[in-house]
Amino acid sequence: MLKSGQGLPVIAALEGARSDVSYLLQTASQSLLKQFAELCEGAVVVDRQARVVWMNDQYPKRLGITNVKAVIGQPVEAVLPNSLMREVVETGRPIMLDIMSFGAESFVVSRLPLHDEQGRVIGGIGLILLDDARNLAPLVSRYNQIQQELQDTRQQLALARRAKYTLSSLIGTSERLTKLKAQARRTACSNATVLIQGETGTGKELLAQAIHNASTRADKPFVAVNIAAIPEALLEAEFFGAVAGAYTGADRKGRQGKFKLAEGGTLFLDEIGDMPATLQAKLLRVLQEGEYEALGSDQLLRADVRILSATSRDLAQEVAQGKFRADLYYRLNVVPLNMPCLRERLEDLPLLCEQLLDNLSHKQAGSPRELSPGALDYLSHYQWPGNVRELQNVLERAVMLSDSFVISLEDIQALLPVVQTQTSVSKYPNQSEPLELTANTLAVTLAQAEYQAIQDALQICGGNKAKAATRLGISRTSLYEKMATYRSN
């Protein structure tokens with residue numbers, strides 16, 4: 001606080017300081033302009049009417065002007081026919097880099113507006129940066145290189161967002177799969193939302209990609225989001241994007257959401273049943289109105305995106321229990337597609353095994369493998385709770401552990417010690433002990449213990465699956481997969 005009698009000296013000191021700063025800035029500006037003009041190959045200043053008012057010593061020499069006084073006050077076009085200085089002073093916008101022709105010469109120039117203290121344009125300055133445009137060759141070359149790298153990166157990103165699978169990627173000739181592919185082909189021709197339901201590991205995302213690739217949006221992005229794998233607090237920004245500073249830790253430049261990334265293409269929402277209620281309401285708005293707002297923004301953005309969703313849960317039951325919005329369910333379930341589990345189309349098993357083994361041989365750069373008749377028959381009597389994903393895992397392990405070209409029955413039995421059908425027990429008499437589903441084998445004991453641990457965790461957490469997964473030390477996705485496995489058995 002100022003004491004009595006000290007106010008005037010302090011104010012005078014502050015005004016004096018401001019005056020010194022103003023003088024310093026003015027001097028620095030004039031000095032900088034003078035030094036910059038001297039460093040350039042030439043400099044010219046025009047007034048508000050684009051008339052020449054000043055040239056440095058180099059400028060007339062570069063342009064072959066012998067009488068400088070004669071050009072002062074002349075319109076700049078009368079001196080420099082190709083000058084754009086009038087455009088600069090009329091628009092107030094600089095032209096940072098350009099090539100100006102004068103006779104047989106070409107100069108690299110820069111044109112800047114000049115402002116008064118109130119910010120009004122009072123003239124402009126033109127600078128000859130280089131007297132030979134060919135001196136720009138290294139800069140242009142570097143610029144072209146950066147542009148090419150940027151284009152290549154964009155192309156790679158676009159390819160990464162393209163769907164890899166087509167309907168031909170759905171291997172099999174079973175009646176269930178043939179009907180599904182026909183439904184998917186008809187569905188691809190529309191923009192209707194699709195809800196794909198099926199057990200974990202059946203290939204729901206593969207089907208979604210196939211629908212996208214068969215649609216008119218095939219040349220646009222395919223963006224997939226696994227809702228169960230994203231923390232609930234980040235879901236809104238993940239979907240709709242966020243402006244800079246929208247929340248603590250937000251990107252300074254903001255971020256684009258999945259709706260923006262999928263613009264013109266397809267957005268695939270995997271594990272849609274895990275979507276929290278607050279986000280369900282916002283997704284419903286996008287589906288109904290075709291618009292959304294980024295987190296922290298009040299600007300409405302249009303969404304030209306087709307929505308495909310998938311779940312391994314019974315959404316109709318979730319709606320009945322009040323766990324999922326009925327209105328959103330009906331919007332998502334315009335076209336329902338059910339992905340059959342592997343045990344419902346075991347006749348496709350030979351083709352699937354052949355394709356998966358071929359893929360593994362290409363991936364590992366090794367010789368292609370095949371299954372013995374006994375091994376294939378053994379696999380056909382397994383229940384496959386993990387479906388095609390589990391089959392792929394078993395075959396990959398068999399390839400890694402076997403040195404033989406032919407994967408034998410014994411190789412498969414070592415990986416799948418329990419065949420989950422009663423009739424299969426008598427089919428393999430060479431085993432040291434009969435394999436019964438109810439036998440107290442290590443695999444069964446571990447499965448029973450895991451099942452009981454899941455039930456205990458759910459009971460302790462009041463049925464909250466997210467808390468139960470945390471208590472068990474696994475992800476929500478893993479918990480749902482295990483629950484689906486035990487339900488199927």
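Please refer to the structure higher up on the page.
Here is what the cut-offs are and how they apply
Residues numbered from 1 in each chain as written. Predicted model: local features only at pLDDT ≥ 70, side-chain atom pairs only at ≥ 80, totals over all residues. Heavy atoms only, no water. Phe/Tyr/Trp six-rings, centres within 6.5 Å; stacked < 30°, edge-to-face > 60°. Buried < 20%, exposed > 50% of the residue type's maximum accessible area, 1.4 Å probe, protein only. Helix = DSSP H or I, 4+ residues; strand = E, 2+ residues; numbered from the N terminus. Expected span 1.5 Å × (residues − 1). Arc of directions from axis to C-beta. Contact = heavy atoms within 4.5 Å. Polar contact = N/O pair within 3.5 Å; in protein donor to acceptor, adjacent residues only side chain to side chain. Pairing = 2+ DSSP bridges. Salt bridge = Lys/Arg side-chain N within 4 Å of Asp/Glu carboxyl O.

Please explain the packing of aromatic side chains as it appears in this structure.
Aromatic ring pairs are defined here through the distance separating the ring centres and the angle between the ring planes. Taken as a whole and judged by the stated rule, the model has eight aromatic pairs. Centre to centre, the rings of Tyr382 and Trp384 are 4.6 Å apart; their planes meet at 85 degrees, and the pair counts as edge-to-face. Each member of the pair, Tyr382 as well as Trp384, carries the same accessibility label: buried. Among the aromatic residues, those joined into a ring-pair cluster are Phe239, Phe240, Phe259 and Tyr292.

I keep staring at helix 14 (residues 349-363) and nothing clicks. Help me out?
Every α-helix winds through 3.6 residues per turn, so residues three or four apart in the chain are directed the same way. Taking 1.5 Å per residue as the helical rise, helix 14 with its 15 residues ought to reach 21 Å, and the 21 Å between its terminal C-alpha atoms agrees with that figure. Regarding helix 14, the residues found buried are Leu349, Leu352, Cys353, Leu356, Leu357, Leu360 and Ser361. Viewed end-on, helix 14 has its buried residues packed into an arc of 165 degrees, placing them on one side of the element. Where the residues of helix 14 are buried, they touch strand 13 (370-371), helix 15 (373-379), helix 16 (387-401) and strand 14 (406-407).

Sorry, what's going on with the environment of Thr200 here?
In this fold, Thr200 is placed in the loop between strand 6 (194-197) and helix 8 (204-213). The exposure class assigned to Thr200 is buried, which follows from its relative accessible area of 8%. For the pair Thr200 and Arg389, spaced 189 residues apart in the sequence, the C-alpha separation amounts to 8.2 Å. Among the polar contacts listed, one links the side chain of Thr200 to the side chain of Arg389, at a separation of 3.0 Å.

Even after reading the chapter, I still don't get the pairing of strand 12 (residues 335-338), so can you show me in this structure?
Regular strands place their side chains on alternate faces of the sheet. Of the two faces of strand 12, only one is covered, namely that formed by Val335 and Leu337; the face formed by Pro336 and Asn338 stays uncovered. Direction of pairing for strand 6 relative to strand 12: parallel, over a ladder of four bridges. Within strand 12, the position partnered with Leu195 by the bridge is Pro336.

So what exactly am I meant to see when it comes to the pattern of salt bridges here?
As a working rule, side chains carrying opposite charge can pair if their charged atoms are close by. Counting across every chain of the model gives 18 salt bridges. For Glu199, the salt bridge is made with Arg343, and the minimal N-O distance between the two is 2.5 Å. Of this pair, Glu199 sits in the loop between strand 6 and helix 8 while Arg343 sits in the loop between strand 12 and helix 14; the two residues are 144 residues apart in sequence, bridging distant segments of the chain. Here Asp304 makes a salt bridge to Arg217, at a shortest N to O gap of 3.0 Å. With Asp304 in the loop between strand 10 (300-302) and strand 11 (306-311) and Arg217 in the loop between helix 8 and strand 7 (222-226), this pair connects stretches of sequence that are 87 residues apart. Classification of Arg217 as buried rests on a relative accessible area of 11%.

Don't take any of this as a statement about function, it's just geometry.
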